[in-house]
Amino acid sequence: MPAFDKPPPEKMMFQLNLRRRGISDQGVLHAMEVVPRDVFVAPADRKDAYCDAALGIACGQTISQPFVVAYMTEQLQVRPEHRVLEIGTGSGYQAAILSKLCGKVLTIERFRTLADSARKRLAELHCDNVEVMLGDGFDIPAGAGDFDRVIVTAAMVEIPHALTGRLEPGGILIAPVGPHNGTQTLIRIVRTNTGLERKALVDVRFVPALPGIAREL
Ligand code: SAH
């Protein structure tokens, strides 16, 4: 490969850091490699797009830390035939990563500004299997159906039964659970033949999941 075709050093460090921190799923690593995070951050933050840090986006929200995105995606064990629900579109970055690994993504966001800009970005990147919906993740329309995988990217004090009820048999849900102003724990729920299996993974910090579509834009 000619030298000028090599990925920039910060992108190489980005991949190296994910591997060093234990991400080993090749599909997840590939998705993290091909989705340009710089497109999803505020213009002033482009230089920091490949640092392993959460960054502020519009409406006082955040784009998650890349390691956490990769970790949650790996734990979700997404396959090409899956239909995935994301609650908390934010920038659309996590949805773009999922779009490379599964059949369809429905992602829900309560801020119109964020939903509109994520939809535009995802269209520009040809993530055609992602639908962005303005809505409330606590009140998902019945017509949206059930899902093989559910990923919540905003902190919930508890996981509502309405949400676990949307899991197909064998389905997996991952959500940060805990107080809004503190540390949460990533919880992984699997729908088995006999019920729901719950496991605590790692501690994380997410912005809160709030009920209702936001009144402000
Ligand atoms: N996954 C995002 C980051 C999520 S930040 C990314 O990749 O950029 C959490 C997002 O959840 C915020 O945009 C917030 O507005 C949204 N959110 C919070 N409560 C919600 C709810 N009840 N329904 C839908 N979205 C919600």
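Relevant structure appears above.
Keep in mind that what you see is a predicted model, and the values were worked out from it rather than measured.

## Considerations on the environment of V39
- Of note, V39 is situated in the loop between α2 (26–34) and β1 (55–56).
- Sequence separation between V39 and A142 is 103 residues, and the spatial gap between their C-alpha atoms is 33 Å.
- Look past the residues within four positions of V39 in its chain and what remains in contact with it is R121 and L125.

## Focus: unusual backbone geometry
- For C59, which is not glycine, the phi torsion reads 60 degrees and is therefore positive.
- Residue class for C59 comes out partly exposed when judged on its relative accessible area of 27%.
- In this model, H126 sits at a positive phi of 60 degrees, which is unusual for a non-glycine residue.
- Among the secondary structure elements, H126 is positioned in the loop between α5 (112–124) and β5 (130–134).
- A residue is classified by how much of its surface remains accessible, and H126, at 61% relative accessible area, is exposed.

## Considerations on the nonpolar core
- Formed by 49 residues in total, the largest nonpolar core has its most connected members in L18, I23, M32, L76, Y93 and L122.
- A total of seven residues in this core trace back to one element, the largest contributor, which is helix α3 (residues 66–76).
- Beyond its immediate chain neighbours, meaning those up to four positions away, I23 contacts L18, V28, L29, F67, A70, Y71 and E74.
- Counting residues in hydrophobic clusters, the runner-up holds 21 residues, among them L85, A175, V177 and I187.

## Focus on the site of the ligand
- For the ligand, the set of nearby residues contains 28 residues, the closest of which are S91, E109, D136, G137 and L210.
- In the model, a nitrogen atom of the ligand is placed 3.0 Å from a nitrogen or oxygen of the G88 main chain.
- In the environment of the ligand, an oxygen atom lies 3.0 Å from a nitrogen or oxygen atom belonging to the backbone of Q94.
- Sorting the residues of the shell around the ligand by element identifies β2 (62–63), β3 (83–87), α4 (93–99) and β4 (104–109) as the ones contributing at least two each.
- When the residues that make up the shell around the ligand are grouped by side-chain class, the tally is 12 nonpolar, 12 polar and four charged.

## Section: the pattern of salt bridges
- With the rule as written, the count across this model stands at six salt bridges.
- Note that R79 and E81 form a salt bridge whose closest N and O atoms lie 3.0 Å from each other.
- We classify R79 as partly exposed; its relative accessible area is 43%.
- E81 sits in the exposed class, given a relative accessible area of 53%.
- Of the charged contacts in the structure, one is a salt bridge between K120 and E124, with a shortest N-O distance of 3.7 Å. Taken together, the positions of K120 and E124, both in helix α5 and four residues apart, correspond to about one turn of that helix. The two residues K120 and E124 agree in class, both being exposed.

Rules of the game
- Residues numbered from 1 in each chain as written.
- Predicted model: local features only at pLDDT ≥ 70, side-chain atom pairs only at ≥ 80, totals over all residues.
- Heavy atoms only, no water.
- Helix = DSSP H or I, 4+ residues; strand = E, 2+ residues; numbered from the N terminus.
- Contact = heavy atoms within 4.5 Å.
- Buried < 20%, exposed > 50% of the residue type's maximum accessible area, 1.4 Å probe, protein only.
- Core = buried A, V, L, I, M, F, W, Y, C linked by side-chain atoms within 4.5 Å.
- Near = heavy atom within 4 Å.
- Polar contact = N/O pair within 3.5 Å; in protein donor to acceptor, adjacent residues only side chain to side chain.
- Nonpolar A, V, L, I, M, F, W, Y, C, P; charged D, E, K, R; others polar.
- Salt bridge = Lys/Arg side-chain N within 4 Å of Asp/Glu carboxyl O.

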